[in-house]
Amino acid sequence: MASRQRASERITEEVTSWPGVGAGPGRRGEFAFRVGRREIGHLHGDDVAHFGFPKDVWAALFEQGRIDYHPVFPGRPGFGARRIETEADVEDVIALMRLNYERVVSRHGLPTGAAA
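Definitions and limits used
Residues numbered from 1 in each chain as written. Predicted model: local features only at pLDDT ≥ 70, side-chain atom pairs only at ≥ 80, totals over all residues. Heavy atoms only, no water. Pairing = 2+ DSSP bridges. Helix = DSSP H or I, 4+ residues; strand = E, 2+ residues; numbered from the N terminus. Expected span 1.5 Å × (residues − 1). Buried < 20%, exposed > 50% of the residue type's maximum accessible area, 1.4 Å probe, protein only. Polar contact = N/O pair within 3.5 Å; in protein donor to acceptor, adjacent residues only side chain to side chain. Salt bridge = Lys/Arg side-chain N within 4 Å of Asp/Glu carboxyl O. Contact = heavy atoms within 4.5 Å. 1 Å grid on protein atoms, 1.4 Å probe; cavity = no way out; pocket = protein on both sides within 12 Å on 5 of 7 lines; lining within 4 Å. Points joined across faces, edges and corners; volume = space filled by probe spheres on them. Nonpolar A, V, L, I, M, F, W, Y, C, P; charged D, E, K, R; others polar.

Colleague: For this particular structure, what's the right way to read the sheet that holds strand S4 (residues 48-52)?
Modeller: Each strand in a sheet pairs with another by means of backbone hydrogen bonds, the pair being arranged parallel or else antiparallel. Strands sit in the order S1-S2-S3-S4-S6-S5 across an open sheet of six strands; the sheet is antiparallel. Here the strands that pair on one side only, and so sit at the sheet edges, are strand S1 (21-25) and strand S5 (68-69). Here strand S3 (residues 38-44) runs beside S4; their pairing, made up of three bridges, is antiparallel. Paired with leucine 43 across the bridge in S4 is alanine 49.

What follows is the structure, given as structure tokens:
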């Protein structure tokens with residue numbers, strides 16, 4: 001990361017560059033990324049990202065070791081967590097956000113007024 005940018009800064013810079021993505025603080029201390037009203041994931045500082053996925057997508061990502069159970073929903077497929085410790089983790093968090101972004105946009109389109 002150039003000039004030692006924090007993980008959350010790097011992720012935010014990339015994810016908010018996608019058309020229709022907004023970001024901001026959530027109700028529980030998280031920093032959420034949304035396409036319209038739909039959350040594509042959120043961060044807790046520079047340490048962890050949380051996501052919601054359809055159960056089949058979640059199972060494939062879990063099997064690949066890319067996500068683990070969400071701490072609030074242990075043992076419950078669909079909600080995932082990813083630790084952020086290395087540059088590779090940052091890149092994969094961005095890729096996981098992109099996966100959700102593409103799912104949302106393909107299903108619901110971009111929010112009204114979002115640049116394509």
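Colleague: How should helix H3 (residues 87-108) be read in this particular structure?
Modeller: An α-helical turn contains 3.6 residues, so any two residues separated by three or four positions project in the same direction. For H3, which comprises 22 residues, the first-to-last C-alpha distance of 31 Å matches the rise-based estimate of 32 Å (1.5 Å per residue) to within 8%. Restricting attention to buried positions, one finds in H3 the residues Asp89, Val90, Asp92, Val93, Ile94, Leu96, Met97, Asn100, Tyr101 and Val104. Where H3 starts, the residue carrying a side-chain oxygen 3.3 Å from the main-chain nitrogen of alanine 88 turns out to be threonine 86.

Colleague: Is there a simple way to explain the pattern of salt bridges in this structure?
Modeller: Side-chain pairing between opposite charges can occur once the charged atoms of the two side chains come close. In total, this model carries ten salt bridges according to the counting rule given. Salt-bridge contacts for arginine 82 lead to aspartate 89; the nearest nitrogen and oxygen are separated by 2.7 Å. Each member of the pair, arginine 82 as well as aspartate 89, carries the same accessibility label: buried. Among the salt bridges present, the one from glutamate 102 reaches arginine 98, with a minimum N-O distance of 3.0 Å. Remark: arginine 98 and glutamate 102 occur in helix H3; sequence separation between them is four residues, near one turn of the helix. Accessibility expressed as a relative area gives 30% for arginine 98, which makes it partly exposed. Put simply, Arg66, Arg82, Asp89 and Asp92 are held in one network by salt bridges that share partners.

Colleague: I would appreciate a short explanation of the side chain of glutamine 5 in the present structure.
Modeller: With respect to the helices and strands, the residue glutamine 5 is situated in the segment before helix H1 (7-15). Here the side chain of glutamine 5 touches glutamate 13 through a polar contact of 3.1 Å, side chain to side chain. Excluding anything up to four places from it in sequence, glutamine 5 contacts Arg10 and Glu13.

Colleague: Just checking my understanding: could you explain the pairing of S1 for this structure?
Modeller: Remark: a regular strand shows side chains that alternate across the two faces of the sheet. Relative to strand S2 (residues 31-35), S1 runs antiparallel, the two being bridged by five bridges. Looking at S2, one finds that glycine 22 is bridged to arginine 34. Hairpin connection, S1 to S2: the antiparallel pair is bridged by five residues, and glycine 29 has positive phi, about 85°.

Colleague: I keep staring at the layout of surface pockets and nothing clicks. Help me out?
Modeller: Over the atoms, a rolling probe the size of a water molecule traces out where space has been left empty. Its volume calculated, the largest pocket comes out at about 250 Å³. If you go around the largest pocket, you meet 14 residues; those closest to its centre are Arg28, Glu39, His42, His50 and His70. Those elements that provide at least two residues to the lining of the largest pocket are S3 and S4. In terms of residue count, S3 provides more of the lining of the largest pocket than any other element does, five residues in total. Grouping the amino acids of the lining of the largest pocket by side-chain chemistry returns five nonpolar, six polar and three charged.

Colleague: Mind showing me how you'd approach the side chain of histidine 42 here?
Modeller: Relative to the helices and strands, histidine 42 is located in strand S3. At 2.6 Å, the side chain of histidine 42 forms a polar contact with the side chain of glutamate 39. In terms of polar contacts, histidine 42 uses its side chain to reach the side chain of histidine 44, at 3.3 Å. When sequence neighbours within four positions are dropped, the list of residues in contact with histidine 42 reads Glu30, Phe31, Ala32, Phe33, Val48, Ala49, His50 and Met97.

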